[in-house]
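# Remarks on the overall topology
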Amino acid sequence: MKETLYLNNDLALVNFSAGYATTGDQLLNSSTFSNYVHNFIDYLKENNEDLYYYAVGGKTAREATVDLLRLFRMMRIFKIDEIESSYLNDKGRLLEFLEEMYNFWKKHQRFSVVTAGTASALQDISFVTADSNFNNMVLTLYRNLEESLMGRKNRVYRQMQAGTNAAIAVSVKQPKLSNTYDALKDIPFITSIMLRTPMILHPKSNKRTGMFTETDVNPITYFTGSDEEWFCFPCKIGTLLAFVYFHRDFISSAVSLGNLFELATEDECRKKPDLICLFGNQDDKNETVFHYDATDDIWVGSLTYDEKIEYFGYMKKMCLTLHNLRKMQHGWLPIHGAFVNITLHNGKRKGIMLMGDSGAGKSESIEALKIAGKDVIKDIEVVFDDMGTIHIEDGVPYGQGTEIGAFIRLDDLDPGTPYRDMDRSIFMNPESSNNARVITPAAPYEVVAMNHKIDLFAYANNYDNESGLHRFENLEDAKATCKEGKRMAKGTTQEVGISTTYFANPFGPMQQQDVCDPLIDEVFTALRDNGVFVGEIYTHLGLDKENRDGINLAAKELLDFIEKD
């Protein structure tokens, strides 16, 4: 990226390595700020005609920009009554212009980028310090100009995120990739992320539609990206190494991955990845596809550039689809569900795994269990909150996770739950009544990627009127229920009403049922042979999400199971 400032719709990307102002005066004299003011005046033409005509005053937008910036620079030195400017004939309108220009900046999703290992305007300042200084500088400059126009100091000061929402440090790596992937070799890798939490994002799309489908053609053959517009988020998904390449217009989703997947280390970035995702490829194919590159032994996913994929679920689920396909290839069974280790004050400990498709009540059951057991539960260790695996070692089934965080519907949680960790969370369209979400840290990577014993495995049933917890009498009934993957869809995807999805998992198992079928047989047999409780939990969430009686009863019976010897 060469520009000092990239603006596109509601996105603002500031390149500190190309240009970095350390004072308000430097910012006012910079071409970056001049271009920003020009953009704002163009915005006013379409959105606030009266203010636009005040700003231009019969001049061109470029001429008005020059005059306004000259005035702002003078206001930093002189008192208002010492300055001659036609704009000061209506100080109230100029103050309105300043306020709206500040609000225009704040309405953007704002990110800063620092590139390591190149000639930089930053010299030795760390990217976190640089971003913090930028935040303070923007806020101070705004207040200085505002108070100059008002002729008085503010009486209430609010320490807002006036600079950016997040910052990234990037550098170019040389991963172990064949010539097939030469188009990716100069794309910079994210090495560090700084999030200003709670971070509130407003993606234009709020649900995922369509399916991820397999293709015989490796998407890298029609990759259109370049190091000027693309970055890579290198991460660990479970024990697998994934390189998530993304167009900069989708940096909000990519930065949010920092709350969901473990960022890969410097050494890991030099290795060959298990998975590659190309997110926002401008190929005009309108596709969300995956491909297995047998020659290089890499699973590759690609999503065409489109406004709809701004919804975080697209990036998350493509990554998990690639993970699941790789794990099935190696004999591991992907589980769409939630898994926690519950430890009571009396020392008893049980591993609880719940399975179900989106909206079935997996995470909600765990939250209800926390409330039901608040007096007896000592600790709850999260292994996974959406996607995990079961594999068998020496005849024993073990669970592992994929994510260090959770991507949860706000309206499915107890009202107080989202605020417990809000100082570390990323909220997406929290004001929306349709699939508002939060991404919050859930577990350390060391916990996620280790083996965990399973004591209970239950299918989350959100559509039946039955209550509590039910144990299957035989293995075939259990497998049949889980394979059918039935649920009452709640609008998180394009589905509504009763739907079925093979093994409640449209992210790998559904696409490769012939591979998944024998794994289900093997794992369920191992669960039975090891005395694991295999059953069904009735959440009622598809019947009436406002009525918590059903899920509370289910949580009580889960707690009873844990308390038993």
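Rules behind the numbers
Residues numbered from 1 in each chain as written. Predicted model: local features only at pLDDT ≥ 70, side-chain atom pairs only at ≥ 80, totals over all residues. Heavy atoms only, no water. Axes fitted to C-alpha atoms, helices over the stretch in contact; angles between N-to-C directions. Helix = DSSP H or I, 4+ residues; strand = E, 2+ residues; numbered from the N terminus. Parallel < 35°, antiparallel > 145°, perpendicular 65-115°, else oblique. Left-handed = near helix turned anticlockwise from the far one by under 90°. Contact = heavy atoms within 4.5 Å. Nonpolar A, V, L, I, M, F, W, Y, C, P; charged D, E, K, R; others polar. 1 Å grid on protein atoms, 1.4 Å probe; cavity = no way out; pocket = protein on both sides within 12 Å on 5 of 7 lines; lining within 4 Å. Points joined across faces, edges and corners; volume = space filled by probe spheres on them. Expected span 1.5 Å × (residues − 1). Buried < 20%, exposed > 50% of the residue type's maximum accessible area, 1.4 Å probe, protein only. Phe/Tyr/Trp six-rings, centres within 6.5 Å; stacked < 30°, edge-to-face > 60°. Lys NZ or Arg CZ within 6 Å of the ring centre and 35° of its normal. Core = buried A, V, L, I, M, F, W, Y, C linked by side-chain atoms within 4.5 Å. Salt bridge = Lys/Arg side-chain N within 4 Å of Asp/Glu carboxyl O. Pairing = 2+ DSSP bridges.

So, on to the packing of helix H9 (residues 362–372) against helix H14 (residues 549–563). H14 packs onto H9 with a crossing angle of 65 degrees between their chain directions and a minimal axis gap of 8 Å. Of the possible angle classes, the one that applies to H9 and H14 is roughly perpendicular. H14 is crossed by H9, and the crossing has right-handed handedness. Across from Glu364, Ser365, Ala368, Leu369 and Ala372 in H9, the residues of H14 making contact are Ile551, Asn552, Ala555, Leu558, Leu559 and Ile562. Taken together, the residues that form the contact of H9 with H14 break down as eight nonpolar, two polar and one charged.

Taken as a whole, the largest pocket holds about 440 Å³ of empty space. Lining the largest pocket are 24 residues, and of these Leu27, Phe33, Tyr36, Phe134 and Val138 sit closest to its centre. Listing elements by their share of the lining of the largest pocket, those giving two or more residues are strand S2 (11–15), helix H1 (24–28), helix H2 (31–47), helix H5 (91–106) and helix H6 (127–150). Looking at which element gives the most residues to the lining of the largest pocket, the answer is H6, with six residues. Roughly 340 Å³ of internal volume is contained in the second largest pocket. Around the second largest pocket, the lining is made up of 25 residues, and of these Glu367, Lys370, Asp421, Thr440 and Pro441 lie nearest the centre.

Right, let's get into helix H8 (residues 312–329). Compared with the 26 Å implied by 1.5 Å per residue over 18 residues, the 26 Å span of H8 between its first and last C-alpha is a close match. Taken across its 18 residues, H8 has 17 buried, putting it largely inside the fold.

A word on the packing of aromatic side chains. Counting across every chain of the model gives 29 aromatic pairs. Ring geometry for Phe457 versus Phe524: centroids 5.5 Å apart, planes at 80 degrees, classification edge-to-face. Linking Phe457 in strand S23 (residues 456–461) with Phe524 in helix H13 (residues 513–529), this pair joins segments that are 67 residues apart in sequence. Across the pair, Phe524 and Phe457 agree in class, each one buried. Each member of the aromatic cluster is reached from another via a ring pair, and the members are Phe33, Tyr36, Phe40, Tyr43, Phe97, Phe104 and Trp105. For Arg248, the ring lying beneath its charged end belongs to Tyr6, and the centroid distance is 3.6 Å.

A word on the nonpolar core. By size, the foremost hydrophobic cluster in this structure holds 78 residues, and its most contacted members are Phe246, Phe279, Ile335, Phe457, Phe503 and Phe524. By residue number, the principal contributor to this core is H8, which donates nine residues. Residues within four places of Phe457 in sequence aside, it is in contact with Ile335, Met353, Met355, Ile390, Cys482, Phe524, Leu527, Val532, Phe533, Val534 and Gly535. Formed by 52 residues, the second largest nonpolar core is a distinct cluster that contains Ala21, Leu98, Met101 and Met194.

Using the criterion set out here, one finds 27 salt bridges in the structure. Here Asp529 ties to Arg528 by a salt bridge, and the two come within 3.1 Å at their closest N and O atoms. It is possible to trace a salt-bridge network through shared partners that takes in Lys316, Lys317, Asp386 and Glu403.

With that settled, the discussion passes to the pairing of strand S1 (residues 5–8). Of the pairings in the sheet, the one linking S1 to S2 comprises four bridges and is antiparallel in character. Paired with Tyr6 across the bridge in S2 is Leu13. Connecting the antiparallel pair S1 and S2 is a turn made up of two residues, with Asn9 showing a positive phi of about 55 degrees.

Moving on to empty space enclosed by the protein. In this structure the tally under the stated criterion is two cavities of 30 Å³ or more. Of the pockets and cavities examined, the second largest cavity occupies roughly 60 Å³. Contributing to the lining of the second largest cavity are Gln109, Leu201, His202, Pro203, Ser252, Ser253, Glu310 and Met428. A class-by-class count of the residues in the lining of the second largest cavity yields three nonpolar, four polar and one charged.

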